[in-house]
Number of protein chains: 2
Amino acid sequence: MPRLSLKEKIVVSAVETLHRKGFNGCSVQDITEAAGVPKGSFYNHFQSKEDLAVAALERYWHKVQASLLMLGDQDGPGMERLARYFRHLNDLTRQNAYETGCLVGNMAAEMSDQSASIRERLAGLLADWSGAIEACVQAAQADGSMRRDIDSRSIAACLLNAWEGAIMRAKVDRSHRPLEDFDRVVLASLRA
Amino acid sequence: MPRLSLKEKIVVSAVETLHRKGFNGCSVQDITEAAGVPKGSFYNHFQSKEDLAVAALERYWHKVQASLLMLGDQDGPGMERLARYFRHLNDLTRQNAYETGCLVGNMAAEMSDQSASIRERLAGLLADWSGAIEACVQAAQADGSMRRDIDSRSIAACLLNAWEGAIMRAKVDRSHRPLEDFDRVVLASLRA
């Protein structure tokens, strides 16, 4: 792993700490301590804790984007690629014992009314995430593996939102069942 | 409205303040100030802020339960009762300009990893909410208005989780569209 700059160390620590404790559940000092950097160095790199949260979301989003490459993989019908993609996300959650959920969903629930800059970044990122899913939905509708009587934009947005709801419930129930229900109901009822 | 006891005033204020600011985004003092009661009176009635959050969830849940009566109304096929029920919830969200979301979902995202007592109350409450929806799903499957190839428990849980995901996205996007997508995709694809 390449040596991280001090700024990158703070962002990596922020992703982990914000994901585990939420925005208002941790302090800048919690984040700099976990990063092993002096608290005073924080304001050399960030204007505010909100500014850092936006940078942390950006870094988390890069990981999400990497997983989205699976959707572009041409192996099998579009519907199966979508099912594999969500099962991959679910496996990551299972490894984590259903704790922490999705940083995007957590920040959306906690911070949308508290910070315009965080809300706007979340809106952009969720639009991009939905867009990547929509491209695969269109492929699935074209190859005949997904029903065509509902528009691809609505299906894509709904898949992502329903999955965010399922991972939140998995966190409450400490159970895989909400993620299985998502597969059994939302995905299954979209198959052609 | 009957005169509220000091304890009830604190709980009413907690529902409103926790819903608007989140658990870690407000202090006990914010809640007692908004209630117009002395901060010192708080610990006569509650052992901790967590204890108050559980009482606030209980009060919020009573409002949810009142809305659930719509599902038992025998007017029309089960599928239409479900669609009306979720549209009613969506209208409440619209009146609120898509701010605040659902207190249950917000607490689930923010507090499931932070407080066992809050997480356990949320799990029980979501189980009861799913159960009430399931009774209507069973009626819809029996009267032929909903597809029968997926089990009623999974459908009910998934409806609730997907709606929670939709209301979270509505809060981020400040838009009704995620709630329309829920109707157009999840509800529509379950119709018989």
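Residues numbered from 1 in each chain as written. Chains lettered and ligands numbered in written order. Predicted model: local features only at pLDDT ≥ 70, side-chain atom pairs only at ≥ 80, totals over all residues. Heavy atoms only, no water.

If you check an unreviewed UniProt entry, chain A appears there as TetR family transcriptional regulator from Bosea caraganae.

(A) Region of interest: the overall build of chain A. For chain A, the helix and strand inventory stands at 9 helices and 0 strands. Against the globule reference of 16 Å for 192 residues, chain A gives a C-alpha radius of gyration of 18 Å, in line with a compact fold. Counting only C-alpha atoms and orienting by the principal axes, one finds that chain A spans roughly 60 × 35 × 30 Å. Relative to its full complement of 192 residues, chain A shows a buried share of 56%. In chain A, the share of contacts with a sequence separation of at least 24, taken over all contacts with a separation of at least 6, comes to 65%. Summed over all atoms, the accessible surface of chain A reaches about 7900 Å², with 49% contributed by carbon and sulfur. With 24 positive and 25 negative side-chain charges, chain A shows a separation of 3 Å between the mean positions of the two kinds. (Helix = DSSP H or I, 4+ residues; strand = E, 2+ residues; numbered from the N terminus. Rg over C-alpha atoms; globule rule 2.2 N^0.38 Å. Buried < 20%, exposed > 50% of the residue type's maximum accessible area, 1.4 Å probe, protein only. Contact = heavy atoms within 4.5 Å. Areas by Shrake-Rupley, 256 points an atom, 1.4 Å probe, with all protein chains shown as cover. Lys, Arg positive; Asp, Glu negative; His and termini not counted. Charge placed at Lys NZ, Arg CZ, Asp CG, Glu CD.)

(B) Geometry of the UniProt feature "DNA-binding region" (unreviewed entry) in chain A. With numbering matched to this structure, UniProt assigns "DNA-binding region" (unreviewed entry) to residues 27–46 of chain A. Structurally, residues 27–46 of chain A comprises 60% helix and 0% strand, and the distance from its first C-alpha atom to its last is 14 Å. (UniProt positions renumbered as here; feature names shortened; annotations may be inferred.)

(C) Fine view of the environment of R81 of chain B. Residue and element names in this part refer to chain B. Assignment of secondary structure puts R81 in helix α5 (residues 78–95). For the pair R81 and L160, spaced 79 residues apart in sequence, the C-alpha separation works out to 15 Å. Among all residues touching R81, those that are not within four sequence positions of it are M70, L71, G72, D73, Q74, D75, G76, C136 and A139.

(D) Representation of the packing of helix α9 (residues 177–190) of chain A against helix α8 (residues 152–173) of chain B. In the contact formed by α9 of chain A and α8 of chain B, the axes pass within 9 Å of each other and the chain directions differ by 100°. Considered as vectors, α9 of chain A and α8 of chain B are oriented roughly perpendicular to each other. Touching R177, P178, D181, F182, R184, V185 and V186 of chain A of α9 of chain A are R153, S154, I155, A157, C158 and N161 of chain B, all from α8 of chain B. Class assignment for the residues of the contact of α9 of chain A with α8 of chain B results in 7 nonpolar, 2 polar and 4 charged. (Axes fitted to C-alpha atoms, helices over the stretch in contact; angles between N-to-C directions. Parallel < 35°, antiparallel > 145°, perpendicular 65-115°, else oblique. Nonpolar A, V, L, I, M, F, W, Y, C, P; charged D, E, K, R; others polar.)

(E) The interface of chain B and chain A, seen in detail. On the side of chain A, 50 residues touch chain B, which itself brings 49 residues to the contact. Across the chain B to chain A interface the summed buried area is about 4100 Å²; carbon plus sulfur atoms make up 56%. Here R184 of chain A makes a salt bridge to D151 of chain B, at a shortest N to O gap of 3.9 Å. Elements with a contribution of two residues or more to the side of chain B that touches chain A: α1 (6–21), α6 (103–111), α7 (116–142), α8 and α9 (177–190) of chain B. Among the elements that take part in the side of chain B that touches chain A, α8 of chain B stands out by supplying 16 residues, more than any other. Residues belonging to the side of chain B that touches chain A are distributed by class as follows: 20 nonpolar, 12 polar and 17 charged. (Buried area = accessible area lost by both parts, 1.4 Å probe. Salt bridge = Lys/Arg side-chain N within 4 Å of Asp/Glu carboxyl O.)

(F) Region of the structure containing the relation of the copies chain B and chain A. Expressed as a screw operation, the relation of chain B to chain A combines 0.0 Å of axial shift with a rotation of 180°, fitting to an RMSD of 0.0 Å. When the rotation and shift are considered jointly, the pair of chain copies conforms to a two-fold rotation axis. Here 100% of the contact residues of chain B are again contact residues in chain A; the copies associate through an equivalent surface. (Least-squares fit on C-alpha atoms with pLDDT ≥ 70 in both.)

(G) Focus on the UniProt feature "domain: HTH tetR-type" (unreviewed entry) in chain A. Per the UniProt record, "domain: HTH tetR-type" (unreviewed entry) is found at residues 4–64 of chain A. What you have in residues 4–64 of chain A is 72% helix and 0% strand, and the ends, taken at the C-alpha atoms, are 20 Å apart.

(H) Inspection of the packing of aromatic side chains at higher detail. Counted under the stated rule, the structure contains 14 aromatic pairs over all chains. A centroid spacing of 6.2 Å and a plane angle of 50° characterise the contact between W61 of chain B and W129 of chain B, whose relative ring orientation is tilted. Of this pair, W61 of chain B sits in helix α4 (residues 49–72) while W129 of chain B is found in helix α7, placing the two residues 68 residues apart along the sequence. In terms of burial, W61 of chain B and W129 of chain B fall into one category: buried. An aromatic cluster of at least three residues, connected via ring pairs, comprises W61, Y85, F86, W129, W163 and F182 of chain A. Its guanidinium or amino end placed over the ring of F23 of chain A, K49 of chain A lies 4.3 Å from that ring's centre, counting from NZ or CZ. (Phe/Tyr/Trp six-rings, centres within 6.5 Å; stacked < 30°, edge-to-face > 60°. Lys NZ or Arg CZ within 6 Å of the ring centre and 35° of its normal.)

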